[in-house]
Structures are given as C-alpha cells and as structure tokens.
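Overview (structure and organization)
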Amino acid sequence: MTRSASSPDSGVDRPGAAVTRFNCRFCAAPLRTTLVDLGMSPLCQTHITHEQLHEMEPFYPLHAYVCDQCFLVQLQEFVTPQHIFGEYAYFSSYSTSWVEHARRYSEMAISRFGLGPNSKVMEIASNDGYLLQHFVAAKIPVLGIEPAANVAKVAIDKGVPSTVRFFGCESADAIAREHGRPDLLLGNNVLAHVPDLNDFVGGMKRLLAPGGVITMEFPHLMRLMAENQFDTIYHEHFSYFSFVTVERIFAHHGLTMFDVEELPTHGGSLRIFARHAENADLPVGPRVVELRQREIADGFLSLDRYQGFTEQVKDTKRKLLGFLIDAKSRGKKVVGYGAPGKGNTLLNYCGIRTDFLDFTVDANPYKQGKMTPGTHIPILPPAAIREARPDYVLILPWNLKDEITKTAAYIAEWGGRFVVPIPEVRVL
Ligand SMILES: [Zn+2]
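Quick look at the structure, then.

1. Observations concerning the side chain of Asp68
Here Asp68 shows up in the loop between strand 2 (60–66) and strand 3 (73–75). Side chain to side chain, Asp68 and Arg32 meet in a polar contact 3.3 Å long. Of note is the side chain of Asp68, whose polar atom sits 2.8 Å from the side chain of Thr33. Among all residues touching Asp68, those that are not within four sequence positions of it are Arg32, Thr33 and Leu303.

The following block contains the structure:
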C-alpha cells in the first residue's frame, strides 16, 4: 500500500485532537480520524466474581478510528489474542439460532461447491464444532483450527477433529504440511478479532488449495453505522469492515472476491466468497459489483461518511437512558437478558448499573454467578426472570431477539414486555 508522502507520522496534527501514536493494521498509515470515542471500558469477557469486587478493575480506551488512506475502521489493541481466546467463555452451541445458521451454511456449501468424501473443509476459529459437525455428519473430512484449548476440547469430544493454534502464515504452512490444503476454508466472526490482519489473510492465501474457496462472515460496517450498532464495538473486535475495504485487503494478498451475500446475523453481516486471483474458473458475480458500487455511492471511500456517527451514538444513549429513567420513576422493575460482549459496551458507555437493571440472565454457565464487567450487574440463570416477574426485560444481544422473545415468551403471563436498545430503544 502507498500513502501520501506528506502524511506526518506523529498523529498530532490537529489542535485539540487526541494524541494517537498507532498505525493502520492494514496499510500502516497513521490513524488520526475518530469514528467514535466510547470512553473507557473494561474488557468484555472479564466477568467478575464476588471476591473481585474489592479489587481494581482495568479499563481501557474504547476509541474507534477510521484510516484516512484505506478506510479500515479499527481499535488500538489493548488485549492480546491469547487473552481473548485463552479460555474463551463463548460457546457457539449455546445459541440455537446460530447452530441452525451453521447447518444451513453447510448445506449450501456442500451443494454449491460439490463437496464430498474426497474434499477437505477447514474452519478457522472453529469454536466448539458448532459448524463443522454438520460436515462430519455428511462424511466430509474436516479440521477445526481453534486457539482456545478448552473450547477445542469440546469439539474433539463430539467428534470434530481440531488443532489448537492461532492462525497466521506460519501455522498455515504447518497445517498444510500436516493436514493438506482445504477445498473450503472458512472463518466466521474471526476476522474482526485478528490483530495482524496481513499475516492472517496471507496465511489463508498460503493454505488454500489451488481451486479452493474461502468464505468468511463478519459484521458489515455499513449496517453498524446505519443502525447505531455502536455496542458491537468492543476491545476484542479490532477491525470493522466495509466490503470495499475487505476486498482491497484480500486483493493485496492475491485473493479475489467472486461473490458476496448480505446476511441478517449479528445485526447485518457479510458472507464473502474468495478464491485465488489466478483461478479464473470462478467468475466475479454481479453481487460483488453491486455491493461495491452501493458502498462507494454511499460514501465509504470518503472520510466525510464517517463523520457524524458520534452524534448518532450519543443520541441512541440519551433515548435508552430516557426510557430507563422513566420506567424506574414509574416504579417499574427492569432486568436484562444476556451478558454478551455488546452488552458490556452498551452498559458501560451508557452508565447502566443496578440502578436500572436488577440483574441480567445468561444461559452460559461460565457467566452465571458472576457480574458484568465494570457495571457489576449480577448474572443469573434464565429461570431468575420467572421468579422476579419484571415489567421490562432489556435484551442485550438484540441480534438474537427473535430467539429470546420466543424462549422467554412466558413474561407475557404477568404483563412483562421485551425492550431492545438498538437501533434505538423500543418496547416490543
Ligand atoms: Zn489503512
């Protein structure tokens, strides 16, 4: 990547601008333009125990920048991937709608790419085998590549072969030597977590079989910005992608996007399809051209497009707090549902503690009995809702609202109502 020769490297080039001394993780240009500054926030996976209530809790800046040169939206790294993934508490299989999404994906991939017993499918950040299990059931050889040992063990125990390692150029070469090259290489909701983006995408280029296909899913920046999804910005998500930016990153590593789908998952995701640039057997389809043009027309290759998001975020916060203050002053009981990463950003940025939410619930036993980071809201098992009979249940993982409103439909028995905070507060 080239950048303008006049760019000063100090990052201190504007009166009143925060001193920033870090560079774009793709093109290395200095970062100096703010997308949104969400203040100080603790790491989203550090649910705390009662004993830890008496200790100091580390908070880090949660400040998203957009690169002036390549328009990659990104955070500075305050956490290592080892910290994020070492004992990752998120088990994909706890979400039934996500497992169903994976099943439909596997059916699509098997039929579209003609996969069979002689094919090889590999998944990066394969978690507990929630997705590869569907290929195993179809007798297609798989390998999961998962950095969290405790999570990989769950996959192995249910018959999904997995190797415990971080992905990059070096591990890609080792995997190719030990296991061969995949015809389908996929990674869902992992690209955002990658600190060294060039090492990661370069590794995929090296690992993929000559005629192979890469698919990846990640939240779409266009939807994040259009729908005020600022709570999906958290320390563990280093990068936020528009299609034009991700296409440019892959192209830099010799990979060509030949198709793209827009999915409803995680508030609006992209599923990209890439292949080796040399592989002309898979022509670039119309959806690639259409989305690229739509993003360019919407201004994603111009800094102006990124200004104004801060004001949108502040407004979303004021509306949510307005609702909560009104509910509490009317004597209503409000609890949360879920303790996801996005809830951490939302609660900390908005300053929502037990003054508004008595507790929240989560199906993940790793989180139960602990408290939300920074805001110290108790996390209880879902059954606590039936006992407390709250007037309002604030759904923190709003991307799963259809699943949650079904699972906890019983709150209607006492007149309870669900509330979603994003894109703006709404009582369902
Ligand atoms: Zn850049």
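2. Some details on the coordination of the zinc ion
Within the protein, Cys24 (SG), Cys27 (SG), Cys67 (SG) and Cys70 (SG) serve as the donor atoms for the zinc ion, at 2.3 Å. Classification of the site at the zinc ion rests on its four donor atoms, whose angles at the metal span 100 to 118°, yielding the label tetrahedral. Donor residues for the zinc ion sit on one chain with the sequence pattern C-x2-C-x39-C-x2-C. In this pair, Cys27 sits in the segment before strand 1 (33–41) while Cys67 sits in the loop between strand 2 and strand 3, placing the two residues 40 residues apart along the sequence. Neither Cys27 nor Cys67 differs from the other in exposure class; each is buried.

3. Brief notes about the sheet that holds strand 17 (residues 426–427)
Strands sit in the order 12-15-16-17 across an open sheet of four strands; the sheet is mixed. Two strands in the sheet have a free side with no partner beyond their single neighbour: strand 12 (334–337) and strand 17. Of the strand pairs in this sheet, strand 15 (residues 392–395) and strand 16 (residues 417–420) are connected by three bridges, and their pairing is parallel. Its bridge partner lying in strand 16, Val393 is registered against Phe418.

4. Side note on the nonpolar core
Ranked by internal contacts, the top residues of the largest apolar core, which has 58 residues, are Phe230, Ile233, Tyr306, Phe309, Ile352 and Ile385. Ignoring anything within four residues of it in the chain, the contact list for Ile385 reads Val335, Gly336, Tyr337, Phe359, Val361, Pro390, Val393, Tyr410, Ile411 and Trp414. In terms of nonpolar packing, the next biggest core, distinct from the first, is built from 45 residues, Phe22, Tyr65, Leu185 and Val288 among them.

5. A few points about helix 10 (residues 309–329)
Its 21 residues place the ends of helix 10 30 Å apart at the C-alpha level, agreeing with the 30 Å of an ideal helix rising 1.5 Å per residue. The complete set of buried residues in helix 10 reads Phe309, Val313, Thr316, Leu320, Leu321, Phe323, Leu324 and Ala327. Take helix 10 and look down its axis: the buried residues cluster within an arc of 155°, on one side only. Once helix 10 ends, the next one or two residues include Gly331, with phi positive near 75°.

Rules of the game
- Residues numbered from 1 in each chain as written.
- Predicted model: local features only at pLDDT ≥ 70, side-chain atom pairs only at ≥ 80, totals over all residues.
- Heavy atoms only, no water.
- Helix = DSSP H or I, 4+ residues; strand = E, 2+ residues; numbered from the N terminus.
- Polar contact = N/O pair within 3.5 Å; in protein donor to acceptor, adjacent residues only side chain to side chain.
- Contact = heavy atoms within 4.5 Å.
- Donors = N, O, S within 2.8 Å, 3.2 Å for Na, K, Ca; no water.
- Tetrahedral: all angles 85-135°; square planar, octahedral: opposite > 155°, others 65-115°.
- Buried < 20%, exposed > 50% of the residue type's maximum accessible area, 1.4 Å probe, protein only.
- Pairing = 2+ DSSP bridges.
- Core = buried A, V, L, I, M, F, W, Y, C linked by side-chain atoms within 4.5 Å.
- Expected span 1.5 Å × (residues − 1).
- Arc of directions from axis to C-beta.

All we've got here are geometric facts, nothing functional implied.
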